[in-house]
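# Results of the structural survey
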Amino acid sequence: MAALGREAGADLRIAGVVPVGAGEEPKDIKMPTYTHGQSSPSLGDAKLRKPMIIEIIEKKFEYLRKEKSLNIYGTMVFGTTAGFSGILANIIFRHCFKVKHDALKTYASLTTLPFLSTIVAYKLLVTDALYSGKISQENCVLRSSLIGIVCGVLYPTALAFSKNGRLAVKYHTVPLPPRGRVLLYWLLLCQTEIKAMVLPLVLQTACGIYHGLQHYAMFESTLEKSIYED
């Protein structure tokens, strides 16, 4: 009988059923159940979150694409006005110094160099600083207007004065100044016509202020939309 009891106990242990001893209460054994076709909650959330994240990223790229295109157009217009300022300065100084040589060369350089210098200076001093978060709205407008004055008026004026002055000396189109007073002599020679550069000075200052305000407003709008989408 004892041998039969031990064999029965061994069979029960093999089957996974443990006999309850005397004075022991049976313990509930909870086994995890799995229903066929039932998905895990974390997997379902991940499936729902994935298209939402993709949609947010696409919207952010769309905002940045629109802002970048508007910023490029505005900067191109800003640089174009600087190029027109260079053309006007070249006309003034060619008339003052009575220069008729190398017209294509001087007009090409006086159009291209102010245009490129305005775009590069705006990119370095305004756009990069704005996206790094280092400037305020007032600083953005101030930098933009200063770029318009320096790169759009002072630089083309000095460049036209220098190029046409050298041509005047080379081809003897005007009387040579006395020794040691070259700069003063040339300034007195064109002091009346140079007053016309007040027009591009006002234009470039206004364009710089407007472009700075518009660019900062676009940047703030894009930033607010990105935060709202998050």
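Note that the structure is predicted; figures quoted are calculated from it, not measured.

Bringing the packing of aromatic side chains into the picture now. In the structure shown here, the tally under the stated rule is seven aromatic pairs. Consider the rings of Y131 and F219, whose centres lie 5.3 Å apart with planes at 85 degrees: the pair is edge-to-face. Pair noted here: Y131 is in helix α3 (residues 103-131) and F219 is in helix α6 (residues 198-229), with a separation of 88 residues, a long-range link. With relative accessibility at 41%, the residue Y131 sits in the partly exposed group.

Turning to the packing of α3 against helix α4 (residues 137-171), a few remarks are in order. Closest axis-to-axis distance for the α3/α4 pair is 9 Å, and the angle between their directions is 155 degrees. Relative to α4, α3 is oriented roughly antiparallel. Where α3 crosses over α4, the handedness of that crossing is right-handed. Contact with α3, carried on its side by T106, S109, L110, L113, P114, S117, T118, A121, Y122, L125, V126 and A129, involves C140, R143, S144, I147, C151, G152, Y155, P156, L159, A160, K163 and L167 of α4 and no other residues of that element. Counted by class, the contact of α3 with α4 contains 16 nonpolar, six polar and two charged residues.

The next subject is unusual backbone geometry. Even without a glycine there, the phi angle at D102 is positive, about 55 degrees. Of note in the backbone geometry, H172 takes a positive phi value of approximately 55 degrees without being a glycine. Note on placement: H172 falls in the loop between α4 and α5 (182-189). Since its relative accessible area comes to 57%, H172 is described here as exposed.

Turning next to the UniProt feature "transmembrane region" (unreviewed entry) in the protein. Mapped onto this numbering, the UniProt entry annotates "transmembrane region" (unreviewed entry) at residues 72-92, 104-122 and 142-161. In this annotation, residues 72-92 is assigned 100% helix and 0% strand; the end-to-end C-alpha distance for the span is 30 Å. The straight-line gap between the two end C-alpha atoms of residues 104-122 is 27 Å; of that span, 100% is helix and 0% is strand.

On inspection of all chains with the given rule, the structure shows zero disulfides. Unpaired in this structure, C96 has its nearest cysteine sulfur neighbour in C190, at a distance of 4.7 Å. Assessed through its relative accessible area of 5%, C96 is described here as buried.

Conventions and cut-offs
Residues numbered from 1 in each chain as written. Predicted model: local features only at pLDDT ≥ 70, side-chain atom pairs only at ≥ 80, totals over all residues. Heavy atoms only, no water. Phe/Tyr/Trp six-rings, centres within 6.5 Å; stacked < 30°, edge-to-face > 60°. Helix = DSSP H or I, 4+ residues; strand = E, 2+ residues; numbered from the N terminus. Buried < 20%, exposed > 50% of the residue type's maximum accessible area, 1.4 Å probe, protein only. Axes fitted to C-alpha atoms, helices over the stretch in contact; angles between N-to-C directions. Parallel < 35°, antiparallel > 145°, perpendicular 65-115°, else oblique. Left-handed = near helix turned anticlockwise from the far one by under 90°. Contact = heavy atoms within 4.5 Å. Nonpolar A, V, L, I, M, F, W, Y, C, P; charged D, E, K, R; others polar. UniProt positions renumbered as here; feature names shortened; annotations may be inferred. Disulfide = S-S within 2.5 Å.

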